[in-house]
Amino acid sequence: MPIRQLSETMINQIAAGEVIERPASVVKELVENALDAGASRVEIVTAGGGLNLIRVTDDGSGIPERELALAIARHCTSKLTEDINDIRSLGFRGEALPSIGSVSRLSIRSRTAASDSAAEIGIEGGRVLPVRPAAANRGTTVEVRDLFFATPARLKFMKGERAESSATSDVVKRIAIAFPAVRFTLAGSDRSTLELPATDDSAEGSLRRVAQVMGADFPDNSIAIDAMREGVHLTGHVSIPSFTRANALQQYAYVNGRPVRDKLIAGAIRGAYADVLPRDRHAVTVLFLTLDPAIVDVNVHPAKADVRFRDPGLVRGLIVGAIRQALADAGVRAATTGAAGMMAAFRPGAASYGHGGPANGHRSYDAAYCASGPSGFDAARSPQRPLDMGFEGAGFDQRGLRDNEQAAFDAGASADARAGQDEAAETLLGAVLGAARAQVHENYIVAQTRDSLIIVDQHAAHERLVYEALKNALHSRPVPSQMLLLPEIIDLPEEDAERLALHSETLARFGLGIERFGPGAVAVRETPSMLGETNVGQLVRDLADEIADNDTVDTLKERLDKIAATMACHGSVRSGRLLKAEEMNALLRQMEATPGSGTCNHGRPTYIELKLADIERLFGRR
């Protein structure tokens with residue numbers, strides 16, 4: 001077949017195959033155009049999961065009538081200067097509208113502030129319709145009907161209406177987080193209405209928008225991030241270790257305001273939480289990276305979902321370091337969801353009284369009270385008295401507690417009274433984890449603060465303390481190594497051997513001694529003593545792969561930390577051990593001074609806090 005020039009319609013359909021993957025892709029492109037036009041209000045309407053109808057209306061600057069024909073032509077844009085490295089808008093290629101028009105019925109109706117009337121242009125399957133007058137407010141309305149009607153084969157790959165609607169919602173939410181000052185509305189016959197009122201561009205306004213999207217629990221269980229390194233600025237919020245999700249869908253990342261799904265950022269988040277989360281749980285994060293557009297390439301993916309950094313090691317190090325520092329500075333914090341789960345577990349049950357009297361017999365109560373005479377209420381004559389409960393032989397008489405049992409209660413003051421008598425205990429009540437009051441089931445420490453009750457898992461808590469101490473000892477000096485009787489020669493691709501040689505000094509600090517052995521091999525002479533007998537070849541190959549991906553040697557560090565975690569688990573206070581009050585308080589004070597002590601090294605919470613207000617609600621006092 002001879003080489004020939006493809007038709008313009010075919011070129012646009014090929015581009016649509018790259019850019020327009022599903023209805024959510026169309027929504028993404030159109031909403032980004034609205035935001036680039038300076039819109040403060042964006043309304044999206046869909047039908048049939050977006051396959052039947054997508055309509056995006058904004059109040060932006062609009063498109064002049066004379067430029068409507070250019071707007072639907074390929075590679076025509078108002079967003080790009082002559083410098084491809086200076087991209088400051090969400091869109092820049094000028095491919096979205098002609099690509100959408102080549103596979104659907106597209107109409108664009110727009111009016112600028114300086115114009116007295118609007119104009120409209122349409123495309124049907126790549127065929128351009130003439131510009132005609134229209135009526136509209138300032139801004140632009142883009143309507144897409146019968147998506148993929150011109151390419152029926154693509155329709156076979158679409159998921160159900162519910163799945164496509166869900167994908168569209170996710171796209172709108174991701175974009176909305178980055179633009180808190182813009183009001184977003186997503187509605188249609190195929191979904192419940194999503195409304196995100198505008199806030200403002202301040203830190204507080206941004207957090208309110210995050211709460212609108214991610215739920216009101218996130219701000220209460222998050223830590224603010226603000227770090228700068230070599231011109232790269234990182235801001236946002238990350239969840240505390242005890243507030244997690246079963247997948248990574250609630251991890252939002254933005255580069256210069258652009259939503260991205262970048263594996264380097266995802267890997268950095270995973271690395272920052274490696275010590276505090278179980279492998280099947282994921283942190284909840286909203287991170288904004290701001291940097292010079294010249295040092296990040298956003299033109300490496302057709303849908304602009306991935307980016308490439310000039311210095312990926314710098315970005316990864318900034319994210320990991322900033323999150324770990326924020327977690328350390330935050331001290332011990334328990335997730336509010338833990339208290340909610342604890343309250344849900346308490347289900348006040350009605351006692352079985354053995355008779356069918358009225359549950360709330362006010363008249364009977366009043367009658368019994370009056371009949372009791374001036375001495376007051378007589379429990380024995382109350383219709384609400386418990387019957388056949390065996391109280392007579394259990395320290396109760398008809399008036400309540402017998403004298404000797406009541407005296408036993410009076411002899412011991414309440415926790416609050418004891419705290420008032422003991423100045424040291426009063427001081428401890430002001431600490432984050434309060435003063436230890438009791439140990440129950442030989443594993444749980446019950447502590448009291450001025451406004452809450454705290455329950456601590458003594459084994460999980462001490463396990464984290466021992467683990468952090470072992471890690472500090474492990475990484476504060478070179479790791480002890482063991483010399484191999486015979487060096488192990490490992491054959492590798494030449495580029496992998498070169499990468500390992502460049503990191504040989506770092507590896508030596510972790511106890512792994514390697515050196516080049518010809519062009520395509522390395523010789524391993526020492527291994528970390530903690531690893532014992534290990535598969536050296538597999539370890540070296542894993543390190544080579546990680547260096548190629550992330551330019552780090554975290555694999556070796558993670559293996560050493562895993563051994564330290566195992567040692568901590570076996571060397572910590574075991575469940576079933578009785579602790580004295582001094583030991584319990586000492587454990588609480590160590591937890592307060594240790595970063596990450598809110599979870600054990602398996603990711604389980606070490607304590608739960610129940611506020612006094614929540615306790616009062618359980619008993620109907622609030």
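Here the structure is shown first, and the text comes after it.
As the structure is a computational prediction, the values presented were derived from the model and not from experiment.

S.K.: Any chance you could explain the overall build of the protein chain here in plain terms?
M.R.: When you go through the protein chain residue by residue, the secondary structure sums to 22 helices and 27 strands. For the protein chain, with 622 residues in total, the buried portion stands at 43%. Long-range contacts, defined as pairs at least 24 residues apart, comprise 67% of the intrachain contacts of the protein chain with a sequence gap of at least 6. If you sum the accessible surface of the protein chain, you get close to 32100 Å²; carbon and sulfur atoms cover 52% of it.

S.K.: Looking at this structure, how should I read the sheet that holds strand β13 (residues 251-255)?
M.R.: Note: strands within a sheet are paired through backbone hydrogen bonds, in either parallel or antiparallel orientation. Across the sheet, which stays open at both edges, the five strands sit in the order β10-β11-β16-β13-β14 with mixed pairing between neighbours. Edge positions in the open sheet fall to β10 (222-229) and β14 (258-260), since each of these has one partner strand only. Strand-to-strand twist across the sheet, computed as the mean angle between neighbouring axes with direction ignored, equals 20°. Judged from the three bridges that link them, β13 and β14 form a sheet pairing that is antiparallel. In the strand pairing of β14, A253 is matched with V260. Contacts from helix α7 (residues 203-214) reach β11 (232-239), β13 and β16 (285-290), with the element oriented near 135° to β16.

S.K.: Sorry, what's going on with the pattern of salt bridges here?
M.R.: Charged atoms that come close allow side chains of opposite charge to pair. Per the stated rule, a full pass over the model turns up 22 salt bridges. Across the pair E468 and R464 runs a salt bridge, and its minimum N-O distance is 2.6 Å. Of the two residues, E468 and R464 are both situated in helix α16 (residues 458-475); the distance of four residues between them amounts to about one turn of the helix. Residue E468 is classed as buried on the basis of its relative accessible area of 13%. R464 sits in the buried class, given a relative accessible area of 0%. R577 is paired through a salt bridge with E583; the nearest N and O atoms lie 3.4 Å apart. What emerges from the salt-bridge pattern is a single network uniting R55, E143 and R145.

S.K.: Hey, could you run me through the side chain of T141 in this one?
M.R.: Here T141 lies in strand β7 (residues 139-145). You can call T141 buried: its relative accessible area is 12%. When residues no more than four places from it in sequence are discounted, the contact partners of T141 are R55, V56, T57, S107, I108 and R109.

S.K.: Teacher, can you tell me more about the sheet that holds strand β24 (residues 481-491) here?
M.R.: A sheet is described by the order of its strands in space; here three strands give the open sequence β24-β26-β25, paired in antiparallel fashion. Either end of the sheet is taken by a strand with one partner, and the two such strands are β24 and β25 (513-516). Across the sheet, the mean angle separating the axes of adjacent strands is 20° when strand polarity is ignored. Alignment of β25 against strand β26 (residues 521-528), held across four bridges, turns out to be antiparallel. Bridge assignment links R516 to a residue of β26, and that residue is V522. Helix α17 (residues 494-502) rests against β25 and β26 of the sheet, and its axis sits at about 130° to β25.

S.K.: Which parts of the structure should I look at to understand the packing of aromatic side chains?
M.R.: The relative placement of two aromatic rings is captured by the distance of their centres and the angle of their planes. With the rule as written, the count across this model stands at one aromatic pair. Look at Y254 and F288: their rings are 4.9 Å apart centre to centre, the planes differ by 15°, and that puts the pair in the stacked class. Taken together, the residues Y254 in strand β13 and F288 in strand β16 connect sequence positions 34 residues apart. Overall, F288 belongs to the buried group, its relative accessible area being 17%. Directly above the aromatic system of F149 lies the positively charged group of R105, at a separation of 4.0 Å from the ring centroid.

S.K.: Got a minute to help me understand helix α10 (residues 312-330) in this structure?
M.R.: Note that an α-helix has 3.6 residues per turn; residues three or four places apart therefore point the same way. Taking 1.5 Å per residue, 19 residues should reach 27 Å; α10 reaches 27 Å between its end C-alpha atoms and fits that length. Along α10, the residues that are buried comprise L314, V315, R316, L318, I319, V320, A322, I323, A326 and L327.

S.K.: Got a minute to help me understand α16 in this structure?
M.R.: For α16, which comprises 18 residues, the first-to-last C-alpha distance of 26 Å matches the rise-based estimate of 26 Å (1.5 Å per residue) to within 8%. Within α16, 13 of the 18 residues are buried, which leaves the element mostly enclosed by the surrounding structure. The backbone nitrogen of H459 lies 3.2 Å from a side-chain oxygen of the residue at the head of α16, namely D457.

S.K.: Mind showing me how you'd approach the pairing of β10 here?
M.R.: In the case of a regular strand, side chains alternate between the two sheet surfaces. Where β10 meets β11, eight bridges bridge the pair, whose relative direction is antiparallel. Within β11, the residue paired with M228 across the bridge is H233. Between β10 and β11, which follow one another and run antiparallel, lie two residues, and E230 among them has a positive phi close to 50°.

S.K.: Looking at this model, I keep getting lost on unusual backbone geometry. Mind explaining?
M.R.: Among all residues save glycine, negative phi is the norm, and among peptide bonds the norm is trans. Positioned with a positive phi, D146 is a non-glycine residue whose angle comes to about 55°. Relative to the elements of secondary structure, D146 occurs in the loop between β7 and α5 (152-155). Assessed through its relative accessible area of 33%, D146 is described here as partly exposed. A positive phi is found at E230, a non-glycine position, where the angle reads about 50°. The residue E230 is located in the loop between β10 and β11 in this model. The exposure class of E230 is exposed, given its relative accessible area of 65%.

S.K.: Whenever I open this one, the environment of E546 confuses me. Can you help?
M.R.: Within the secondary structure layout, E546 lies in helix α19 (residues 536-550). Aside from chain neighbours lying at most four places away, what touches E546 is D551, T552, V553, D554 and T555.

S.K.: So what exactly am I meant to see when it comes to the packing of α16 against helix α21 (residues 581-593) here?
M.R.: How two helices sit against one another is set out by the angle between their axes and by the gap between those axes. Between α16 and α21, whose axes approach to 10 Å, the crossing angle comes to 50°. Considering the angle they form, α16 stands oblique to α21. Viewed along their axes, α16 and α21 form a crossing whose handedness is left-handed. Seen from α16, the contacting residues are Q458, A461, H462 and L465; seen from α21, they are L587, Q590 and M591. The class makeup of the residues in the contact of α16 with α21 is four nonpolar, three polar and no charged.

About the criteria used
- Residues numbered from 1 in each chain as written.
- Predicted model: local features only at pLDDT ≥ 70, side-chain atom pairs only at ≥ 80, totals over all residues.
- Heavy atoms only, no water.
- Helix = DSSP H or I, 4+ residues; strand = E, 2+ residues; numbered from the N terminus.
- Buried < 20%, exposed > 50% of the residue type's maximum accessible area, 1.4 Å probe, protein only.
- Contact = heavy atoms within 4.5 Å.
- Areas by Shrake-Rupley, 256 points an atom, 1.4 Å probe, with all protein chains shown as cover.
- Pairing = 2+ DSSP bridges.
- Axes fitted to C-alpha atoms, helices over the stretch in contact; angles between N-to-C directions.
- Salt bridge = Lys/Arg side-chain N within 4 Å of Asp/Glu carboxyl O.
- Phe/Tyr/Trp six-rings, centres within 6.5 Å; stacked < 30°, edge-to-face > 60°.
- Lys NZ or Arg CZ within 6 Å of the ring centre and 35° of its normal.
- Expected span 1.5 Å × (residues − 1).
- Polar contact = N/O pair within 3.5 Å; in protein donor to acceptor, adjacent residues only side chain to side chain.
- Parallel < 35°, antiparallel > 145°, perpendicular 65-115°, else oblique.
- Left-handed = near helix turned anticlockwise from the far one by under 90°.
- Nonpolar A, V, L, I, M, F, W, Y, C, P; charged D, E, K, R; others polar.

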